Amino acid sequence: MAEVSGRPGTAAGKASTRADPGGAAATARDRTPDQAAGGGVVAGTRPGRRSGPPRVGRTLTGWGFALPFALLFGVFTAGPVAASLLMSLTDLRGTDLRTPLNVDFVGLDNYLRLLRDEKFLTAAGNTAVFVVVGVPLTMALALVVALGLNSGLVRFQAVFRVGYYLPVVTSIVAISVVWRFVLQPDTGLLDEILGLYGIHGPNWLNDRRFALPTLIVMSAWRNLGFGMVIFLAGLQAIPKDLYEAATIDGARRLAQFRYLTVPMLRPTMLFVAVVTTIGYVQFFEEPFVMTQGGPLDSTLSVAYHTYNQFGFGNYGYASAMGYVLFVVVVLLSIAWFKLLRSDVD
């Protein structure tokens, strides 16, 4: 009788269902298969969630996927970097390659020697001029071109974008051939144009006064396409509503550029400045192909001087130069972050 009276179809069953609307039927529906088989929920566990694989197993799986990259990075990047650091603290030369463990540990002597090396100081001065003049010039030209292409007043924008970016992906050998033709004394294209106005141009690549500025102009022309693409992407990300609101408030174009465009482009400027600075601190291809560091070391860069020292077999001394470049790149990057990161966050 007790079983019959408890059925849902009986009066007692209906009364119990009305008294407990979320009773046995709801509880039966909410049970998971594991709870139904086990007869209840264990205290302290979440219902309906299965435990995953052990933490150790997940860790080993992750390292298994990362192992190929870790091996390649260790063998071809981390290993050589650590070896070059140790090399910069020794007097390793080309004649010591057969017995690399018999070299002498000289500590910081290679770094102190750089301060007395007049050729290195000349190369450092040339590199400093190249960076201080070339980076702002390249960024300014890239920003002007990007503003022009973003204005909507220039037709065939895709053609101009490809044209400005083409030197970035063009071989330095091809670029050097074109620029040698342009800068050829007396018969070059540039001297021919200057001759129309009665101006006799100098020997651009063989004059100490003009060789480095010529390479700076060539590098700015070659690299402005990269900055142009990045600046153009940053300009197109600025909401048009801001310019419309500024126009309604009476702000002119120059005021909009100063108080709206420049602050909104700070993250983009930071990226372009850091990448361009890193490339210009290590400038090597231009003097190597165009001037071979001449005339009279007026275009010799630190990277080119380091390359020559490796060629001469001065491995420890050249490694010290490489780490000086690395420290300079880090310091300049920090300076750019301090200068342009105020409004990035």
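Numbers given for residues are sequential positions, taken from 1 along each chain in its written order. Residue-level local features of this predicted model are given only where pLDDT is at least 70; pairs of side-chain atoms are given and counted only at 80 or more, and the full residue set underlies all totals for whole chains, interfaces and linings. The side-chain figures draw on all heavy atoms in the structure; neither hydrogens nor water molecules are used.

(A) Just the overall build of the protein chain, in detail. What the protein chain contains, in helices and strands, is 17 helices and zero strands. Burial status follows relative accessibility: with a 1.4 Å probe on protein chains alone, a residue under 20% of its type maximum counts as buried, one over 50% as exposed, and anything between as partly exposed. Within the protein chain, buried positions represent 31% of all 345 residues. Note on contacts: a residue pair qualifies if any of its non-hydrogen atoms lie within 4.5 Å across the two residues. Within the protein chain, contacts between residues at least 6 apart in sequence are counted, and of these 66% link residues at least 24 apart. For the protein chain, the computed accessible surface area is about 22200 Å², with 66% contributed by carbon and sulfur atoms. Counting from the N terminus, the helices are DSSP H or I runs at least four residues long and the strands are E runs at least two residues long. Surface accessibility follows the Shrake-Rupley procedure with a 1.4 Å probe radius. Residue values consider only the protein chains on display as shielding.

(B) Here's a closer look at unusual backbone geometry. Cis geometry is found at the peptide bond from Gly-294 to Pro-295, where omega equals 0 degrees. Note that Pro-295 resides in the loop between α15 (285-291) and α16 (302-312). Positive phi, close to 55 degrees, is recorded for Leu-296, a residue that is not glycine. In this structure, Leu-296 sits in the loop between α15 and α16.

(C) Layout of the packing of α16 against helix α17 (residues 315-340). Lines fitted to C-alpha atoms define the axes, with helix axes restricted to the stretch in contact, and inter-axis angles between N-to-C directions lie between 0 and 180 degrees. Viewed as axis vectors pointing N to C, α16 and α17 meet at an angle of 160 degrees, and their least axial separation amounts to 8 Å. As summarised for this structure, α16 and α17 are arranged roughly antiparallel, according to the angle between their axes. Viewed along their axes, α16 and α17 form a crossing whose handedness is left-handed. Between α16 and α17, the contacting residues are Val-302, Ala-303, His-305, Thr-306, Gln-309 and Phe-310 on the first element and Tyr-315, Tyr-317, Ala-318, Ser-319, Met-321, Gly-322 and Leu-325 on the second. We call Asp, Glu, Lys and Arg charged. Ala, Val, Leu, Ile, Met, Phe, Trp, Tyr, Cys and Pro are nonpolar, and the rest, Gly among them, are polar. Along the lines of polarity and charge, the residues of the contact of α16 with α17 split into eight nonpolar, five polar and no charged. By definition in this entry, angles of less than 35 degrees are roughly parallel, angles greater than 145 are roughly antiparallel, angles of 65 to 115 are roughly perpendicular, and the rest are oblique. The hand of a helix crossing depends on one turn: near helix anticlockwise from the far one by less than a right angle means left-handed, and clockwise means right-handed.

(D) Up close: the nonpolar core. The biggest cluster of nonpolar side chains holds 53 residues, and the ones touching the most others in it are Phe-130, Met-139, Met-218, Phe-231 and Met-269. Those elements giving two or more residues to this core turn out to be α6 (109-114), α7 (118-150), α9 (172-183), α11 (211-236), α14 (266-281), α16 and α17. Here this core takes eleven residues from α7, the largest share from any one element. If we ignore the near neighbours within four places in the chain, the residues touching Met-218 are Ile-172, Ile-175, Trp-179, Glu-286 and Met-290. What is meant by a nonpolar core is a set of buried Ala, Val, Leu, Ile, Met, Phe, Trp, Tyr and Cys residues, joined one to another through side-chain atoms within 4.5 Å.

(E) Quick peek at the packing of aromatic side chains. Aromatic pairing here means that ring centres of Phe, Tyr or Trp (its six-membered ring) are within 6.5 Å. Orientation follows from the plane angle: under 30 degrees is stacked, over 60 is edge-to-face, and everything else is tilted. Applying the stated rule across the entire model yields 14 aromatic pairs. Judged by centre distance (6.3 Å) and plane angle (45 degrees), the rings of Phe-226 and Phe-271 are tilted. One end of the pair, Phe-226, is in helix α11; the other, Phe-271, is in helix α14, with 45 residues separating them in the sequence. By relative accessible area, Phe-226 is classed as partly exposed at 26%.

(F) Region of the structure containing a nonpolar patch on the surface. Each patch is built from salt-bridge-free residues with over 30% relative accessible area, joining like charges within 9 Å and nonpolar side chains (Val, Leu, Ile, Met, Phe, Trp, Tyr) within 5 Å. For this document, the term salt bridge refers to a Lys or Arg side-chain nitrogen within 4 Å of an Asp or Glu carboxyl oxygen. Residues Phe-181, Leu-189, Ile-193, Leu-196, Tyr-197 and Ile-199 make up a contiguous nonpolar surface patch of roughly 710 Å² in combined accessible area. Within the secondary structure, Leu-196 is located in the loop between α10 (189-195) and α11.

(G) Representation of the layout of surface pockets in the model. Points on a 1 Å grid, built from protein atoms alone, make a cavity when a 1.4 Å probe fits but cannot get out and make a pocket when they are open with protein on both sides within 12 Å along at least 5 of 7 lines; residues with an atom within 4 Å of a point are the lining residues. Grid points are joined across faces, edges and corners, and a volume is the space filled by probe spheres set on the points. Here the largest pocket is characterised by a volume of approximately 460 Å³. Along the walls of the largest pocket sit twelve residues, with Asn-150, Ser-151, Tyr-243, Arg-253 and Gln-256 positioned nearest its centre. Every element with two or more residues in the lining of the largest pocket is listed here: α7, α12 (240-248) and α13 (253-264). Of the residues forming the lining of the largest pocket, the biggest block, four residues, is contributed by α13. Classifying every residue of the lining of the largest pocket gives five nonpolar, five polar and two charged. The space that makes up the second largest pocket amounts to roughly 310 Å³. Along its surface, the second largest pocket is lined by 17 residues, and Ala-128, Val-131, Val-281, Val-328 and Leu-332 are the ones closest to its centre. Among the elements of the structure, α7, α14 and α17 are those that each provide at least two residues to the lining of the second largest pocket. Sort the elements by how many residues they give to the lining of the second largest pocket and α7 lands first, with eight residues. A per-class count over the lining of the second largest pocket returns 15 nonpolar, two polar and no charged.

(H) Local environment of the side chain of Thr-299. Tracing the backbone shows Thr-299 in the loop between α15 and α16. We define a polar contact as two N or O atoms separated by no more than 3.5 Å, with the added condition that, inside protein, one atom must be a possible hydrogen donor and the other a possible acceptor, whereas residues neighbouring each other in sequence contribute only through side-chain atom pairs. For Thr-299, the side chain forms a polar contact with the side chain of Thr-291, separated by 2.6 Å. Setting aside residues up to four positions removed in sequence, Thr-299 forms contacts with Asn-126, Ala-211, Leu-212, Leu-215, Phe-283, Pro-287, Thr-291, Gly-293 and Gly-294.

(I) Focus on the packing of α14 against α17. Following both chains from N to C, one finds α14 and α17 inclined at 165 degrees, their axes separated by 10 Å at the closest point. By the angle between their axes, α14 is roughly antiparallel relative to α17. The element α14 and its partner α17 pack so that their crossing is right-handed. On α17, the residues that touch Arg-266, Met-269, Leu-270, Ala-273, Val-274, Thr-277, Ile-278 and Val-281 of α14 are Leu-325, Val-328, Val-329, Leu-332, Ser-333, Trp-336, Phe-337, Leu-339 and Leu-340.

(J) Structural context of the confidence of the model for the protein chain. Of the residues in the protein chain, 83% have a pLDDT of 70 or more, and the chain-wide mean is 83. One confidence number per residue, pLDDT, is output by the predictor and ranges from 0 to 100. For residues 1-30, every residue scores under 50 in pLDDT, and the model assigns this stretch eleven contacts once sequence neighbours within four places are set aside. Per-residue pLDDT stays below 50 along residues 32-45; that stretch engages in seven contacts with residues further than four places along the chain or on separate chains.

(K) Spotlight on the pattern of salt bridges. Taken as a whole and assessed by the stated rule, the structure comprises three salt bridges. With its nearest N and O atoms 3.5 Å apart, the salt bridge here joins Glu-286 to Arg-222. Of this pair, Glu-286 sits in helix α15 while Arg-222 sits in helix α11; the two residues are 64 residues apart in sequence, bridging distant segments of the chain. Under the relative-accessibility criterion, Glu-286 is labelled buried at 6%. Overall, Arg-222 belongs to the buried group, its relative accessible area being 10%. It is possible to trace a salt-bridge network through shared partners that takes in Arg-222, Glu-285 and Glu-286.

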